[in-house]
Amino acid sequence: MLEGLDTAARDFRGDLSSTLMEVIAPFRNRHFTDRYTDVSFDLSRAIFILSADSTEYIESPLKDILEVIKL
């Protein structure tokens, strides 16, 4: 679970959107390798839950692969 996706997307420390695309995109995540530990994971059956107050600051390619549920 990642809370505050909209806030993290505006952060100056890195490109969170491209990192999330690499991890949660269904066509990429079967052979995901953690670059820090150099360990491979199969994330194709994992469920990712992300929260945001607004989708305004989330980049379009990332929004396209997310299922947005508005409350």
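The rules we used
Residues numbered from 1 in each chain as written. Predicted model: local features only at pLDDT ≥ 70, side-chain atom pairs only at ≥ 80, totals over all residues. Heavy atoms only, no water. Helix = DSSP H or I, 4+ residues; strand = E, 2+ residues; numbered from the N terminus. Polar contact = N/O pair within 3.5 Å; in protein donor to acceptor, adjacent residues only side chain to side chain. pLDDT = per-residue confidence, 0-100. Core = buried A, V, L, I, M, F, W, Y, C linked by side-chain atoms within 4.5 Å. Buried < 20%, exposed > 50% of the residue type's maximum accessible area, 1.4 Å probe, protein only. Contact = heavy atoms within 4.5 Å.

A. Geometry of unusual backbone geometry. Its identity as a non-glycine residue notwithstanding, Asp38 has a phi of 60 degrees, on the positive side. Locating Asp38 in the fold gives a position in the loop between strand 1 (32-34) and strand 2 (39-41).

B. Quick look at the environment of Ser40. By the secondary structure assignment, Ser40 is in strand 2. Along the chain, Ser40 and Arg30 lie 10 residues apart, while their C-alpha atoms are 9.2 Å from each other. Within the structure, the side chain of Ser40 is placed 3.2 Å from the side chain of Thr33, a separation counted as a polar contact.

C. Spotlight on the confidence of the model for the chain. With 83% of its residues at a pLDDT of 70 or more, the chain shows a mean pLDDT of 79. Least confident of the elements in the chain is helix 1 (residues 5-9), whose mean pLDDT is 71; most confident is strand 2, at 86.

D. Representation of the nonpolar core within the structure. Counting nine residues, the largest nonpolar core consists of Leu5, Leu20, Met21, Val23, Ile24, Phe32, Leu43, Ile58 and Leu62. Among the elements that take part in this core, helix 2 (residues 16-24) stands out by supplying four residues, more than any other. When neighbours within four sequence positions are excluded, Leu62 is seen to be in contact with Leu5, Ser17, Leu20, Met21 and Ile24.

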